[in-house]
Amino acid sequence: MASKPGLLTEWPWTWLGNFKYVVLAPFVADSIHSFFMSEDESTRDFVHFIIFPFLLVRMLHNQIWISLSRYRTAKGDNRIVDKSIEFDQVDRERNWDDQIILNGLLFYYGYMKLEQSHHLPIWRTDGIILTTLLHIGPVEFLYYWLHRALHHHFLYSRYHSHHHSSIVTEPITSVIHPFAEHIAYFLLFAIPLLTTVLTRTASIVSFSGYITYIDFMNNLGHCNFEIIPKWMFSSFPLLKYLMYTPSYHSLHHTQFRTNYSLFMPMYDYIYDTLDKSSDTLYEKSLERQGKSPDVVHLTHLTTPESVYHLRLGFASFASEPYSSKWYFWLMWPVTLWSMMVTWIYGQTFTVERNLFKNLNLQTWAIPKYRVQYFMQHQRETINNLIEEAIMEADQKGVKVLSLGLLNQDKQLNNNGELYIRKHPQIKVKVVDGSSLAVAVVLNSIPKGTTQVVLIGHLSKVANVIALALCQGGVKVMTLREEEYKKLKASLTPEAATNLVPAKTYASKIWLVGDGLSEDEQLKAPKGTLFIPFSQFPPRKARKDCFYFHTPAMITPKHFENVDSCENWLPRRVMSAWRIAGILHALEDWHEHECGNMMLDIEKVWKTSLDHGFTPITMASASKSKA
């Protein structure tokens, strides 16, 4: 929002929320009906029919830029502004598709009112030339002066400051403006479109090509990494007056009073508003190499729909805890396509880049889904991918690699020990994070608790939790006989006296792992607190009970570039397994934490608090009530 919002700031359909697309429905239905159902051949107009598909193509075009930009900035190569993006920017920019809806409505309206727009040819050379000349002349010239006017304090505070709230730009930043400002821009860009229509020189190529050019250049200028090679300007010296670069426009967002031009910098040269450091920043950005990470967190995809939740996917989805949306089924072609891409690509990819104190952090993802980790024929492939990631991290000088989700599964690789035994010479420390996960669970149990129920597939974390509780005099009750036997075998005789098979379900503190069934949840008394010790949260079956988050902590405020949620965790909350790798690097601990190896739980917990990570409170758990 602008600092002093002016008239027509809000979009007319804001109140519709995610249902805003219904404003297009009558026009889309009419175009489909007239094309397929009309008996009158003269009303079957391909131009009318393709308006909506073209809007979808524009959305896909924008999304490709968003994903590419986020991937490149996560790697850090050719980065221009080395600052972070936070949740407030994601929230401000989540309505980037509003301008496409607006354009769609205006295209449909123009088609209805202008008979000259009917039955356009596919190509007309004179129309393409006219469109080009009108853009270079009136559009670029008028935009330059409109833009300068928008930087006058009266208009800036009421409109344009909303756009400039984003110092570090992303492709979608280019279209984040108040409604009134977009109307002004559309009137400018309509000059070539209306002129060619009224002179009957318009064509499908000139229309779609011009709008695609605008989208392309808008996204290019706001992507925050330099992409234009130097040889282009060396080979064509005049090009610097006709085509801006991402670094050129980036200076406008950091300096505000320079580089006002739309896509062609010639007007900045003419009116002496060119930023003198434009060429220097361009060359520096081209030469800038991404820093090797100090810590890598190795995760993987969960469900097929989780690709939308990745930071490389839809920014608004990634900024919220993961949950399946009802409308995802409409996107199944895209989901299937993304699964095919991950299957064909078959390599670990960079998901996210963060900064904490003096550490450069990255998250890498294995292109495998949760279900594949339980397939016997996939295990060798997955282990090879994890091993390759560890060896790549070692070659890059990474200090610590933490294993997230099922990458540390006992059946898969014995909590990472497989790789250490195979490559005892590696310098990177492999961390499964079990010690901090145990500490988080133990400190999530309310003070004064005398008995707990422990249920779910047993793991290294579960065994250590049971041992710590039993040694502390807390009775640990099990509901399954096989779990009781396994736990008893792993405990000392003294501790085993506090391990008992449950005869009643009176305890309201349940420590739960994977495999907890709905029937078992229904046996818990009202008001039970379910505290997971596994990587994955239980499927909630009770509305009268509380479900705690999987082992996690809240990150400090100075943890930078946090604009996405880690799977199902709330904003600025990070899994214990991921934090464990960061602590390992901060403290420069020299041992691995994998296999049966455990660090001092109290020491790890205190270290996490010393570095500013804070426990999640019961208030947070209440918000997660089923």
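Residues numbered from 1 in each chain as written. Predicted model: local features only at pLDDT ≥ 70, side-chain atom pairs only at ≥ 80, totals over all residues. Heavy atoms only, no water.

Per an unreviewed UniProt entry, the protein goes by the name Protein ECERIFERUM 1-like and belongs to Anisodus tanguticus. According to UniProt, the comment filed for the protein under the heading Subcellular location (unreviewed entry) is "Membrane". What the UniProt record of the protein gives under Sequence similarities (unreviewed entry) is the line "Belongs to the sterol desaturase family." (UniProt positions renumbered as here; feature names shortened; annotations may be inferred.)

**Section: the sheet that holds strand β2 (residues 349–356)**
The five strands are arranged β2-β3-β1-β4-β5 in an open sheet whose pairing can be described as mixed. Edge strands, defined here as strands with exactly one partner in the open sheet, are β2 and β5 (429–431). Neighbour-to-neighbour, the strand axes of the sheet open up by a mean angle of 20°, direction not taken into account. Note that strand β4 (residues 400–403) and β5 share three bridges and pair parallel. Bridging across to β5, Leu-401 finds its partner in Val-430. Those strands touched by helix α25 (residues 576–586) are β1 (295–300), β2, β3 (359–366), β4 and β5, and its axis lies near 165° from that of β4. (Pairing = 2+ DSSP bridges. Helix = DSSP H or I, 4+ residues; strand = E, 2+ residues; numbered from the N terminus. Axes fitted to C-alpha atoms, helices over the stretch in contact; angles between N-to-C directions. Contact = heavy atoms within 4.5 Å.)

**Quick word on the UniProt feature "domain: Very-long-chain aldehyde decarbonylase CER1-like C-terminal" (unreviewed entry) in the protein**
In the numbering used here, UniProt assigns the feature "domain: Very-long-chain aldehyde decarbonylase CER1-like C-terminal" (unreviewed entry) to residues 452–615. Helix makes up 32% of residues 452–615 and strand 18%. Its end C-alpha atoms lie 20 Å apart.

**Focus on the nonpolar core**
With 86 residues, the main nonpolar core has Ile-386, Leu-436, Leu-511 and Ile-582 as its most contacted residues. A total of eight residues in this core trace back to one element, the largest contributor, which is α25. (Core = buried A, V, L, I, M, F, W, Y, C linked by side-chain atoms within 4.5 Å. Buried < 20%, exposed > 50% of the residue type's maximum accessible area, 1.4 Å probe, protein only.)

**Overview of a nonpolar patch on the surface**
Taken together, the side chains of Trp-332, Leu-336, Met-339, Met-340, Trp-343 and Ile-344 define a hydrophobic patch exposed on the protein surface, amounting to about 700 Å² of accessible area. Structurally, Met-339 can be placed in helix α16 (residues 332–345). (Patch = residues over 30% accessible without salt bridge, like charges linked within 9 Å, V, L, I, M, F, W, Y side chains within 5 Å. Areas by Shrake-Rupley, 256 points an atom, 1.4 Å probe, with all protein chains shown as cover. Salt bridge = Lys/Arg side-chain N within 4 Å of Asp/Glu carboxyl O.)

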